[in-house]
Amino acid sequence: MNGLNIKDIRKFETLVQKASKTVIVTHMKPDGDAMGSSTAMYSFLKSLDKEDVRVVIPDPYPDYLDFMISEEAGRDIITYEDMPSESVAAIKESDLVICLDFNAFHRTDRLEQALEESEAAKVLIDHHLSPDTDKFSIVFSETEISSASELLYRILIRTSVIDGKPERLPKEAATALMAGMTTDTNNFANSTYPSTLNMASDLLSAGVDRDMIIYELYNRQRENRLRLLGHALADLMKITEDGVAYIVLDAETLKRHDIREGETEGFVNMPLTVDDVRMSLLLKEDGDRVRVSIRSKKGTSANLCARLYFNGGGHENAAGGKLYIPENIKDISEAGNYIELYTHKFLTEDK
Ligand code: 5GP
Ligand code: MN
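Q: I tried to follow the overall build of the protein on my own but got confused; where do I start?
A: From N to C terminus, the protein includes 13 helices and twelve strands. Dimensions of the protein along its principal axes, counting C-alpha atoms only, are 55 × 40 × 40 Å. For the protein, the proportion of its 351 residues judged to be buried stands at 52%. For the protein, restricting intrachain contacts to residue pairs at least 6 apart in sequence, the fraction spanning at least 24 positions comes to 65%. Taken as a whole, the protein presents about 16,000 Å² of accessible surface, with 45% of it coming from carbon and sulfur. Averaging the positions of the 41 positive and the 60 negative side-chain charges in the protein gives two centres separated by 2 Å.

Q: What is the right way to look at empty space enclosed by the protein in this model?
A: Empty space among the atoms becomes apparent when a probe as large as a water molecule is rolled across them. Under the counting rule described, the total for this entry stands at one cavity of 30 Å³ or more. Considering only enclosed or pocket space, the largest cavity measures out at about 30 Å³ in volume. Every residue along the wall of the largest cavity is listed here: Lys 21, Thr 22, Val 23, Asp 52, Arg 54, Ala 90, Glu 93 and Ser 94. Here the lining of the largest cavity is composed, by residue class, of two nonpolar, two polar and four charged.

Q: What is the right way to read the layout of surface pockets from this model?
A: Space inside the second largest pocket adds up to approximately 180 Å³. Along its surface, the second largest pocket is lined by Asp 235, Leu 236, Lys 238, Tyr 246, Val 248, Asp 250, Thr 253, Ile 332, Ser 333, Ala 335 and Gly 336. Going through the elements one at a time, helix 10 (223–236), strand 8 (244–249) and helix 13 (335–350) are the ones with two or more residues in the lining of the second largest pocket. Among the residues forming the lining of the second largest pocket, the class breakdown is five nonpolar, three polar and three charged.

Q: Looking at this structure, I do not really get the coordination of the manganese ion (ligand 2). What am I missing?
A: For a metal with four tetrahedral donors the ideal donor-metal-donor angle is 109.5 degrees, while six octahedral donors give ideal angles of 90 or 180 degrees. Every protein donor of the manganese ion (ligand 2) is accounted for by Asp 33 (OD), Asp 101 (OD), His 127 (NE2) and Asp 184 (OD), and the metal-donor separations fall at 2.1 to 2.4 Å. Every donor residue of the manganese ion (ligand 2) comes from the same chain, spaced as D-x67-D-x25-H-x56-D. Taken together, the residues span a long stretch of sequence, with Asp 33 in helix 2 (residues 32–47) and Asp 101 in the loop between strand 4 (96–100) and helix 5 (112–117) at a distance of 68 residues. Here Asp 33 matches Asp 101 in class, with each residue buried.

Q: Help me understand the nonpolar core, please; the structure alone is not making it clear to me.
A: Across soluble globular proteins, nonpolar side chains show a tendency to be buried alongside one another. Of all hydrophobic cores here, the largest spans 53 residues; its most connected members are Ile 125 and Phe 140. In this structure Ile 125 touches Met 41, Ile 98, Cys 99, Leu 100, Asp 101, Phe 140, Ala 148, Leu 151, Leu 152 and Ile 155, once residues within four positions along its chain are discounted. Core analysis: the next-biggest nonpolar cluster, separate from the first, contains 24 residues, Val 244, Leu 281, Leu 283 and Leu 323 among them.

Q: I tried to follow the site of ligand 1 on my own but got confused; where do I start?
A: Lining the immediate environment of ligand 1, one finds 13 residues, of which His 128, Ser 293, Arg 295, Gly 320 and Lys 322 sit closest. At 2.9 Å, a side-chain N or O of His 128 approaches an oxygen atom of ligand 1. One of the backbone N or O atoms of Gly 320 is found 3.0 Å from an oxygen atom in ligand 1. Coverage of ligand 1 by the protein chains reaches 79% of its 500 Å² of free accessible surface. Every element with two or more residues in the shell around ligand 1 is listed here: strand 10 (289–296), strand 11 (313–314) and strand 12 (318–324). Top contributing element to the shell around ligand 1 by residue count: strand 12, with five residues.

Rules used throughout
- Residues numbered from 1 in each chain as written.
- Chains lettered and ligands numbered in written order.
- Predicted model: local features only at pLDDT ≥ 70, side-chain atom pairs only at ≥ 80, totals over all residues.
- Heavy atoms only, no water.
- Helix = DSSP H or I, 4+ residues; strand = E, 2+ residues; numbered from the N terminus.
- Buried < 20%, exposed > 50% of the residue type's maximum accessible area, 1.4 Å probe, protein only.
- Contact = heavy atoms within 4.5 Å.
- Areas by Shrake-Rupley, 256 points an atom, 1.4 Å probe, with all protein chains shown as cover.
- Lys, Arg positive; Asp, Glu negative; His and termini not counted.
- Charge placed at Lys NZ, Arg CZ, Asp CG, Glu CD.
- 1 Å grid on protein atoms, 1.4 Å probe; cavity = no way out; pocket = protein on both sides within 12 Å on 5 of 7 lines; lining within 4 Å.
- Points joined across faces, edges and corners; volume = space filled by probe spheres on them.
- Nonpolar A, V, L, I, M, F, W, Y, C, P; charged D, E, K, R; others polar.
- Donors = N, O, S within 2.8 Å, 3.2 Å for Na, K, Ca; no water.
- Core = buried A, V, L, I, M, F, W, Y, C linked by side-chain atoms within 4.5 Å.
- Near = heavy atom within 4 Å.
- Polar contact = N/O pair within 3.5 Å; in protein donor to acceptor, adjacent residues only side chain to side chain.

Given below as structure tokens:
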């Protein structure tokens, strides 16, 4: 990663000191990195005796991330889906908004308008390509890094209170940062830089219980999830002649397996383990949209494919987006044809 600007960190510290009401925001369908970085920021601000700090999220976080949310943080998380007016009011009344793990307000779905209208000072801490920098007073943007959690770690470690000593981080923050980095790297399989391993080493030395984190993240899944994964790989996965693997999970299949939010996390990575597969797509029907996850091997841009054909974006080898029904496809049964048509076009014409 490139160096962080120490002046920006001092400016950030000043904004934090001055703020009377702070709101932390992350992206819709929050994942481990989103919740890890957001709750770590929350614990850090609380350790500075900031009283009014709220985490506002567009929709609920998945159950498997519960372990990283302290009781106190749990009380200060407001979910738009459950409490729309409280969420908007919290943003409206705040004088500092800290945005983590997303690059543009539309990634917060129904919080977008409140963020656009907010006159609060805004800070961005993110690792995606092309951040919307004009909207922020301070931008910490770094793409050569594992995760927003790692970037936040780099910032916090340079603040005056932490002063290069990871053991000074609140325990909850250190745990959440380690967990967020672990999920975004798929447990050190992707986007792992020297700085990532340094962070992991520092946090382990500072006493973070990594065994507990791994157990919570990977060894507490429900049987349904594993059975759906088996069905998806054995019966639903298709591999095209271009080396594109795809799995379409329609609403009926998700319902039959009683799949909850976040429980298909990791599915999209599995087809990529096949030698000739260079890109993998997982589609999930969700009302009038289909959520799309894309992963690719080096040399194929998941990000570009998501931007060109799936109304989305992301990182070079890990991106996502959506297909709208009926604008893009008439119904879910057309998803396979859509993928085959446009990934073929992408791999033969757009590269
Ligand atoms: P996932 O497949 O894990 O949901 O997302 C992978 C990456 O793609 C994430 O870094 C996320 O930020 C990005 N991504 C997922 N969905 C969307 C989307 O609808 N729009 C954009 N711009 N990026 C997305
Ligand atoms: Mn992330």
